[in-house]
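# Coordinate inspection notes
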Amino acid sequence: MTTATANYDLLLKGGTLLDPGQGIHDRCDIAFQNGLVAEVAENIAPEQAANVVDIAGKMVTPGLIDLHGHFYHGGTGSAVHADQNCLSSGVTTGVDAGSSGFLNLGAMRDYVFPAHRTRLLAFLHIGAVGLAANRVLGGGLQDLRIIDVDQTADAVKENPGFLFGIKVRMELNAVSHWDAPEAMRLARAAADQSGGKLMVHVSGTPIPLPQILDFMGPGDIVTHAFNGNHEGILDRQDRIRPEVREASERGIIMDLGHAGVHCDVPVAQAAIQQGLPPDTLSTDIHLPPPGRRVYLMNDLISKFHAMGMSLEDAVSASTIRPAQVLGVDDNLGSLAPGLSGDAAVYDLREGRFVWHDMARNKVEGKVRLDTFLTVRNGAVAWREGKLTEMGPC
């Protein structure tokens, strides 16, 4: 539908808006103009919009934010194409978790990321080349000479609004147990010097988890928090460890970082039951090795809803909460008027659905979010299996 007197570029009409950032779960129309949310109301006349999409019977949320993925497509051996893997699941903002270090940041920032319609932000790896050499050298911190605190911190300071802090991998194949404390110290120093946050991969850590948590402060991010490896968040009686509870209470973020292999169903269920659900849901999307299944964000919302999180909490952990973690909730994470025009529309499928982890545990649920349409910057970017035209480069 088009009209010469249209006030809005796009109108999503007739859907149910679930926007935890505004405390809304109700039938609402959402209008977009000039890349922003223009109006949210019970009824907006269709003749006010140049383009109208009927989403009656569907659920609309703010565009999802994937706090941990790998999007340096072509720059590492495992990064994915963001538009194909994000927009298809309702993700409009992807945060790259350390694919690049300061030496190979420029190509990611200036060439790879701008070629995508998905908004792409990043944490910088503490190692100078990020994950570029992982296929031949493993996790990349076997020689700590690869770390330069000053140049890493300077790169973060020079890229405000794009780089949000430092990523370090505390994993056996990434760093030896004798070097791990020093790697943590250097990562902490780079984060402090840059004024950014510290994100730490803790699945398969070579040193005790409480030792890692001692390096971390409010606003820092533990990713892969719900893994089933040794030195996890549960004790031998499957209770939340006191150090983990204390870390959460002092503001350390417990991020999912699912990746198929870094989320154990019994661990996550026990944590949810004990009042420690994920603060943020994230995929750790990457090109997996054979036999590993990496779920997209719409499946993670569905899976964690099936495990006991309310739909509101699961959507919050995928929208407003990661926006708050990054300090960008004045622009992202909600569909309040004036904020960025990013939205996701889902069909709520009813039936029997099963999700797995790599330990052969499974979760069964009755509801699954299937992406119908994704809006990015106030325009339809993906609809029913197809990317829309992006326009001239």
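Residues numbered from 1 in each chain as written. Predicted model: local features only at pLDDT ≥ 70, side-chain atom pairs only at ≥ 80, totals over all residues. Heavy atoms only, no water.

This paragraph deals with the nonpolar core. Judged by nonpolar contacts, the single largest core of 86 residues is most densely connected at Val168, Met170, Leu198, Val200, Phe226, Ile233 and Phe304. The element best represented in this core is helix α5 (residues 180-194), accounting for seven residues. (Core = buried A, V, L, I, M, F, W, Y, C linked by side-chain atoms within 4.5 Å. Buried < 20%, exposed > 50% of the residue type's maximum accessible area, 1.4 Å probe, protein only. Helix = DSSP H or I, 4+ residues; strand = E, 2+ residues; numbered from the N terminus.)

Okay, the side chain of Thr92 next. Residue placement: Thr92 occurs in strand β7 (residues 91-97). Thr92 sits in the buried class, given a relative accessible area of 1%. Those residues in contact with Thr92 that lie beyond four places of it in its chain are Gly63, Leu64, Thr118, Arg119, Asp342, Ala343, Thr374, Val375 and Arg376. (Contact = heavy atoms within 4.5 Å.)

We now examine the side chain of Asp220. If you trace the backbone, Asp220 turns up in the loop between α6 (209-214) and β11 (221-223). The class of Asp220 is buried, set by a relative accessible area of 3%. Within polar-contact distance, the side chain of Asp220 engages the backbone nitrogen of Leu198 at 2.9 Å. For Asp220, the side chain forms a polar contact with the main-chain nitrogen of Gly217, separated by 2.8 Å. Not counting residues up to four positions away in its chain, the partners in contact with Asp220 are Arg188, Lys197, Leu198, Gly251, Ile252 and Ile253. (Polar contact = N/O pair within 3.5 Å; in protein donor to acceptor, adjacent residues only side chain to side chain.)

Glancing now at the sheet that holds β7. Overall, parallel pairing links the seven strands, which are arranged β6-β7-β8-β9-β10-β11-β12 in an open sheet. The sheet terminates laterally at β6 (64-69) and β12 (253-254), the two strands that pair on one side only. (Pairing = 2+ DSSP bridges.)

A word on the packing of helix α4 (residues 149-157) against α5. Here α4 crosses α5 at 40°, and the two axes come no closer than 8 Å. Once α4 is placed against α5, the crossing between them reads as right-handed. Of α5, the residues touching α4 (which contributes Val149, Asp150, Thr152, Ala153, Val156 and Lys157) are Leu186, Ala189, Ala190, Gln193 and Ser194. Partitioned by chemical class, the residues of the contact of α4 with α5 number six nonpolar, three polar and two charged. (Axes fitted to C-alpha atoms, helices over the stretch in contact; angles between N-to-C directions. Left-handed = near helix turned anticlockwise from the far one by under 90°. Nonpolar A, V, L, I, M, F, W, Y, C, P; charged D, E, K, R; others polar.)

Attention now moves to helix α8 (residues 265-273). By the burial criterion, the buried members of α8 are Val265, Val267, Ala268, Ala270, Ala271 and Ile272. The secondary structure elements touched by the buried residues of α8 are α9 (297-306) and β14 (362-376). Gly275, located one to two residues past α8, shows a positive phi value of around 80°.

For strand β9 (residues 163-169), the tally of buried residues reaches seven of seven residues, placing the bulk of the element in the interior. Of the pairings in the sheet, the one linking β9 to strand β10 (residues 197-201) comprises five bridges and is parallel in character. Residue pairing across strands places Lys167 opposite Met199, the latter belonging to β10. Between the parallel elements β9 and β10, the chain passes through α5 in a crossover that is right-handed. (Right-handed = clockwise from strand over helix to strand, strands pointing away.)

Taken as a whole and assessed by the stated rule, the structure comprises zero disulfides. Between Cys263, a cysteine without a disulfide, and Cys86, which holds the nearest cysteine sulfur, the sulfur-to-sulfur distance is 19 Å. Owing to a relative accessible area of 3%, Cys263 belongs among the buried residues under this scheme. (Disulfide = S-S within 2.5 Å.)

Under the defined criterion, the tally for this structure stands at two aromatic pairs. Judged by centre distance (6.4 Å) and plane angle (35°), the rings of Phe353 and Trp355 are tilted. Here Phe353 and Trp355 have matching classes, each one buried. Over the ring of Phe372 we find Lys58; its NZ or CZ atom is 4.4 Å from the centre of that ring. (Phe/Tyr/Trp six-rings, centres within 6.5 Å; stacked < 30°, edge-to-face > 60°. Lys NZ or Arg CZ within 6 Å of the ring centre and 35° of its normal.)

Time to look at the confidence of the model for the protein. Residue-level pLDDT values for the protein average 95, and 96% of them are 70 or greater. Contacts for the low-pLDDT stretch residues 389-393, under 50 throughout, to residues beyond four places or in other chains number five contacts. (pLDDT = per-residue confidence, 0-100.)

Side chains that are three or four residues apart share a direction in an α-helix, a result of its 3.6 residues per turn. Restricting attention to buried positions, one finds in α4 the residues Val149, Thr152, Ala153, Ala155 and Val156. All buried residues of α4 lie within an arc of 155° about the axis, which places them on one face of the element. (Arc of directions from axis to C-beta.)

This paragraph deals with the pattern of salt bridges. Taken as a whole, this structure holds 21 salt bridges when the rule is applied. Close ionic contact of Arg109 with Asp110 constitutes a salt bridge, the shortest N to O distance being 2.7 Å. Taking relative accessible area as the criterion, Arg109 reaches 30% and is therefore assigned partly exposed. Here Arg241 makes a salt bridge to Glu231, at a shortest N to O gap of 3.2 Å. Of the two residues, Arg241 is situated in the loop between β11 and α7 (242-249) and Glu231 in the loop between β11 and α7; the sequence distance between them amounts to 10 residues. Judged by relative accessible area, which is 17%, Glu231 ranks as buried. Overlapping salt bridges bring together Lys58, Asp299, Asp347, Arg349, Arg368 and Asp370 as one network. (Salt bridge = Lys/Arg side-chain N within 4 Å of Asp/Glu carboxyl O.)

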